[in-house]
Amino acid sequence: MKLQENVSIIGAGPAGFALAADLQRRGRGVLLYSRPDRLRHANKIKSQDGYHNLHVSGPKTEPFSCKLRVTCDITEAVSFANIIILTVPSTGQECIIQDLKRFDLRGHIIIAVPGNLFSLIASAEMQVGCILETNLSPYSCRMDSDGKLLILGKKELVYIAPLTRRRETPRQVHDTVSDIFSMVRLNWCSSIIEVCLANVNGVFHPLMMLMNAGRIESTGGDFYLYREGLTRSVSNAMLAIDKVRMAIGEAFGLGQVGSAIEISNACYSQGFACLVDLGQNSPPHNKLRAPESMDNRNLSEDVPDLLVCWCSLAEKLGIDASPLRAVIVFAEMATGAEYFSSGRNLRKLNLEDISAAELLRRFSPEVHQEEHIERTEETADMGLIGSRL
């Protein structure tokens, strides 16, 4: 019998606990790490013996319980396993980089779930054997006030890519990661840009929040965000955002990158006709309550770490990014945050000083790469790509 490698999971929130419980049931040794000031979920289920007793259930998950280990010692987490999975929100990833950068991680694999171009920031701060990113967590889950974990849905497909090109990534890394994520089918993408564009939370969440802001604040979120908040007008605004996202994919030579509804259908193995149909009828989505306030990661994470990123890439490549810019400005006005300066812009991603052609060389698929570079060099300065919208 093959000996399964241990896994350290950084992030003791619902996504981290869901992954830890699943991996432990499959026979892996698992250790969860949380910063001492981020123990809100872990404290709900801590027992007197020092373990954390987690109860898991869901519409399609047979209830089970498990004992999990949680540590606040980052050294213990790094020493426990050569495979580290980050399940913290992308807004917390830079703090984790500061925690990890003092260690020699050249023998480690780090997987950011989701990534949102985490590897471009991390690789400038520390040396890691291999960094990979996914577009989404395998689980749609929530933890209730009693600490019970509810699995609302599990993805059938997750997009993933290493920072380096796949041909430069050792086969052992590919096999190890595939084995860890055996609970889902992995779509190995050409680059982390393709993976980032497949995180369609940036299409869904910000506009549902902003266009339902009055209802969220007046009711304390007492309605179903997707079922009642994703109406035809909200969908129309989402489609405008989605067109820009797909145009970025086309510029990078990704062909048919897929619409938001197509990617969501693929990830959940569904067949909804449109965004409104999904909001009304998708089991992982239509029972989700709206947040109690606008101070929520649907804005604080998805605007700065997805929309700002997409907007910066689009403008670099000469694509009309005005729909993205409009939503970001709207979010800034509503929240008072400065997302353009704090988010994952080209400066933060260490891409500010490279040309559009170099950007394409670095992240476009190698097949037909020169054709896409030449086309973008001709159009970037004139903003002609946006005319295809």
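From a predicted model like this one, the values you see are computed outputs, not experimental measurements.

## Considerations on the overall build of the protein
Reasoning step 1: A count of helical and extended segments in the protein gives 19 helices and eleven strands.
Reasoning step 2: Dimensions of the protein, computed from the C-alpha atoms along their principal axes, are close to 65 × 50 × 40 Å.
Reasoning step 3: Here the protein, with 389 residues, has 57% of them falling under the buried criterion.
Reasoning step 4: Sequence-distant contacts in the protein: of pairs separated by 6 or more residues, those separated by 24 or more amount to 69%.
Reasoning step 5: Surface accessibility of the protein: about 16700 Å² in total, with carbon and sulfur atoms responsible for 47%.

## Some remarks on the sheet that holds strand β11 (residues 185–188)
Hydrogen bonds between backbone atoms are what pair the strands of a sheet, whose relative direction is either parallel or antiparallel.
Reasoning step 1: Pairing is mixed in the open sheet, where eleven strands are placed in the order β8-β9-β3-β4-β2-β1-β5-β6-β7-β10-β11. Strands with a single pairing partner mark the edges of an open sheet, and in this sheet they are β8 (139–143) and β11. Pairwise comparison of adjacent strand axes, ignoring direction, gives a mean angle of 30 degrees for this sheet.
Reasoning step 2: Pairing analysis gives four bridges linking strand β10 (residues 157–162) to β11, with the strands arranged parallel. Bridge pairing in β11 places L157 opposite R185.
Reasoning step 3: Along the sheet, helix α1 (residues 14–25) makes contact with β1 (7–10), β2 (30–33), β3 (52–58), β4 (61–71), β5 (83–86), β8 and β9 (149–154), crossing β4 at roughly 105 degrees.

## Focus: the confidence of the model for the protein
Reasoning step 1: For the protein, per-residue confidence averages 92 on the pLDDT scale, and residues scoring 70 or more make up 93% of the total.
Reasoning step 2: Ignoring residues within four places in sequence, the model shows residues 368–389, a span with pLDDT below 50, making 39 contacts including any to other chains.

## Thoughts on unusual backbone geometry
Reasoning step 1: With an omega of -5 degrees, the peptide bond running from V113 to P114 counts as cis.
Reasoning step 2: When you line up the elements, P114 lands in the loop between β6 (105–112) and α5 (118–122).
Reasoning step 3: Backbone geometry places N116, a non-glycine residue, at a positive phi of 55 degrees.
Reasoning step 4: Tracing the backbone through its elements, the reader meets N116 in the loop between β6 and α5.
Reasoning step 5: Residue N116 is classed as buried on the basis of its relative accessible area of 2%.
Reasoning step 6: Although it is not a glycine, L117 adopts a positive phi angle of roughly 65 degrees.
Reasoning step 7: Relative to the assigned elements, L117 resides in the loop between β6 and α5.

## Concerning the layout of surface pockets
Reasoning step 1: Volume-wise, the second largest pocket comes out at about 560 Å³.
Reasoning step 2: Every residue lining the second largest pocket is counted, 22 residues in all, and those nearest its centre are K60, T61, I151, G153 and K154.
Reasoning step 3: Of all elements in the fold, only α1, β4 and β9 reach the threshold of two or more residues within the lining of the second largest pocket.
Reasoning step 4: Here the lining of the second largest pocket takes five residues from β9, the largest share from any one element.
Reasoning step 5: Grouping the amino acids of the lining of the second largest pocket by side-chain chemistry returns twelve nonpolar, three polar and seven charged.

## Structural notes on the environment of C66
Reasoning step 1: Mapping C66 onto the fold places it in strand β4.
Reasoning step 2: Its relative accessible area of 12% is what places C66 among the buried residues.
Reasoning step 3: Sequence separation between C66 and G229 is 163 residues, and the spatial gap between their C-alpha atoms is 36 Å.
Reasoning step 4: Excluding its chain neighbours within four sequence positions, the residues that come into contact with C66 are A21, Q24, H52, N53 and L54.

## Concerning a nonpolar patch on the surface
Reasoning step 1: A cluster of nonpolar side chains, namely M211, V329, F330 and M333, defines an oily patch on the protein surface of about 370 Å² accessible area.
Reasoning step 2: Within the secondary structure layout, M211 lies in the loop between α8 (201–210) and α9 (213–219).
Reasoning step 3: Relative accessible area serves as the criterion here: at 38%, M211 is assigned to the partly exposed category.

Analysis parameters
Residues numbered from 1 in each chain as written. Predicted model: local features only at pLDDT ≥ 70, side-chain atom pairs only at ≥ 80, totals over all residues. Heavy atoms only, no water. Helix = DSSP H or I, 4+ residues; strand = E, 2+ residues; numbered from the N terminus. Buried < 20%, exposed > 50% of the residue type's maximum accessible area, 1.4 Å probe, protein only. Contact = heavy atoms within 4.5 Å. Areas by Shrake-Rupley, 256 points an atom, 1.4 Å probe, with all protein chains shown as cover. Pairing = 2+ DSSP bridges. Axes fitted to C-alpha atoms, helices over the stretch in contact; angles between N-to-C directions. pLDDT = per-residue confidence, 0-100. 1 Å grid on protein atoms, 1.4 Å probe; cavity = no way out; pocket = protein on both sides within 12 Å on 5 of 7 lines; lining within 4 Å. Points joined across faces, edges and corners; volume = space filled by probe spheres on them. Nonpolar A, V, L, I, M, F, W, Y, C, P; charged D, E, K, R; others polar. Patch = residues over 30% accessible without salt bridge, like charges linked within 9 Å, V, L, I, M, F, W, Y side chains within 5 Å. Salt bridge = Lys/Arg side-chain N within 4 Å of Asp/Glu carboxyl O.

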